[in-house]
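Examining the three-dimensional arrangement
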Amino acid sequence: MLEAGPVGAKVLSVFDFDGTLTRHDSFVPFLKFAFGKQEFNRRMLKLALPGLRFLLRQMSRDELKAQLIRTFMTGVDKAWVQQKAEEYCKASWNKLMRPAGLQSVADEIGSGAEVTLCSASPAIVLQPFADRLGIKLIGTELEVVDGVLSGRLTGNNCRCENKVLRLEAIYGDLADYRLRAWGDTRGDRELLAAAQDAHWRHFHSAKRRGKPKLKAR
């Protein structure tokens with residue numbers, strides 16, 4: 001299937017999560033689930049101005065996400081978030097996950113490939129999903145101090161070139177693998193460009209797929 005890459009090399013199969021394996025974003029719905037509708041709405045009001053600045057291109061996507069995390073995750077117990085993530089995974093799994101995506105993950109595992117999620121969403125929220133899928137997880141890491149979230153990131157938001165950098169930090173030179181990748185947004189383009197076998201919006205309807213603008217490898 002993969003003509004490029006070292007002969008006999010191990011296959012590394014990398015799936016984006018939100019919008020690729022899922023029908024929509026998972027993090028904001030998780031926040032609403034965890035904090036409750038009233039508290040969620042109250043905190044979201046604080047993001048009205050940053051949201052406007054983002055729409056006016058006065059703030060980057062990464063800066064807006066950092067503000068979102070500060071607003072909801074500052075001073076929150078890590079154990080509480082982990083418990084809520086477990087509950088959210090159980091409650092949302094059937095409606096959130098794309099059946100074709102689940103089958104593809106199972107097929108990659110069955111083929112003997114090394115399989116991982118690589119997502120911009122916080123790893124602490126996605127860990128129950130990765131555990132249920134039976135695969136590894138690379139996600140945006142939230143700083144924890146004495147068991148409490150500080151509201152800051154550890155390292156960079158895991159999107160765009162940072163997806164490739166995080167993969168390389170764990171797996172080494174990606175050229176040593178036969179890399180397969182699945183993604184659906186601008187944040188996945190560098191990952192898809194690095195893959196010998198790239199799948200753009202593979203589990204979407206045909207009319208929503210379009211074509212990605214990939215950077216040259």
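All values derive from a computational prediction rather than experimental measurement. (Residues numbered from 1 in each chain as written. Predicted model: local features only at pLDDT ≥ 70, side-chain atom pairs only at ≥ 80, totals over all residues. Heavy atoms only, no water.)

**Description of the side chain of Asp 184**
Condition: Where helices and strands are cited, they refer to DSSP runs of H or I of at least four residues and of E of at least two residues respectively, numbered from the N terminus. The classification of residues rests on relative accessible area computed with a 1.4 Å probe and restricted to protein chains. Under 20% of the type maximum is buried, over 50% is exposed, and intermediate values are partly exposed. Only four residue types enter the charge count: Lys and Arg as positive, Asp and Glu as negative, with His and the chain ends excluded. One side-chain nitrogen of Lys or Arg within 4 Å of one carboxyl oxygen of Asp or Glu is enough to make a salt bridge. The criterion used for residue contact is that any of the two residues' heavy atoms lie within 4.5 Å.
Within the element layout of this structure, Asp 184 appears in the loop between strand E5 (178–183) and helix H9 (189–194). Of the side chains with opposite charge, Arg 201 lies nearest to the buried Asp 184, which makes no salt bridge, at 5.0 Å. Those residues within four positions of Asp 184 in sequence are excluded, and the remaining contacts are Asp 16, Asp 18, Gly 19, Thr 20, Trp 200, Arg 201 and His 204.

**Describing the sheet that holds strand E4 (residues 148–154)**
Under the convention used in this document: Two strands pair if DSSP finds at least two bridges between them. Lines fitted to C-alpha atoms define the axes, with helix axes restricted to the stretch in contact, and inter-axis angles between N-to-C directions lie between 0 and 180 degrees.
The mixed open sheet is built from six strands, whose spatial order is E4-E3-E2-E1-E5-E6. Each of the sheet's edge strands pairs with one partner strand only, and the pair in question is E4 and strand E6 (197–200). Averaged over neighbouring strand pairs, the angle between their axes works out to 30° when direction is ignored. Relative to E6, E5 is paired through four bridges, and the arrangement is parallel. Of the residues in E6, the one forming a bridge with Trp 182 is His 199.

**Considering the nonpolar core**
To keep things clear, this is the line we draw: We call a set of buried residues a nonpolar core when its members are Ala, Val, Leu, Ile, Met, Phe, Trp, Tyr or Cys and they connect through side-chain atoms within 4.5 Å of each other.
Counting residues in each nonpolar core, the largest one holds 39 residues, and the members touching the most others are Leu 21, Phe 30, Leu 31, Met 73, Leu 117 and Phe 129. Among the secondary structure elements, those contributing two or more residues to this core are helix H1 (27–35), helix H4 (61–73), helix H5 (78–96), strand E2 (114–122), helix H7 (123–133) and strand E3 (136–145). Take this core: its biggest share by element is seven residues, from H7. Beyond its immediate chain neighbours, meaning those up to four positions away, Phe 30 contacts Met 73, Val 81, Lys 84, Ala 85, Tyr 88 and Val 125.

**Side note on the packing of aromatic side chains**
What counts, and what does not: The rule is short: rings of Phe, Tyr and Trp, with Trp giving its six-membered ring, pair when the centres are within 6.5 Å, and they are stacked under 30 degrees, edge-to-face over 60, tilted in between. Two thresholds decide whether a charge sits over a ring: the Lys NZ or Arg CZ must be within 6 Å of the ring centre and within 35 degrees of the ring normal.
Per the counting criterion, the structure on display carries ten aromatic pairs. Look at Phe 15 and Trp 182: their rings are 4.1 Å apart centre to centre, the planes differ by 10°, and that puts the pair in the stacked class. Here Phe 15, found in strand E1 (residues 11–15), pairs with Trp 182, found in strand E5; they are 167 residues apart in sequence, far enough to count as distant. When its relative accessible area of 0% is taken as the criterion, Phe 15 is described as buried. The interplanar angle of 65° and the centroid separation of 5.3 Å between the aromatic rings of Phe 35 and Phe 72 together place this pair among those described as edge-to-face. Taken together, the positions of Phe 35 in helix H1 and Phe 72 in helix H4 put the pair 37 residues apart, joining distant regions of the chain. A residue is classified by how much of its surface remains accessible, and Phe 35, at 16% relative accessible area, is buried. Above the face of the Trp 93 ring, Arg 132 is positioned so that its terminal group lies 4.2 Å from the ring centre.

**What to know about H5**
Convention followed: How far a helix is expected to stretch is found by multiplying one less than its residue total by 1.5 Å.
For H5, spanning 19 residues, the distance from its first C-alpha to its last is only 24 Å, which falls clearly below the expected 27 Å at 1.5 Å a residue. Those residues of H5 that sit buried are Val 81, Ala 85, Tyr 88, Cys 89, Ser 92, Trp 93 and Leu 96. Packed against the buried residues of H5 are H1, H4, helix H6 (99–110), H7 and E4.

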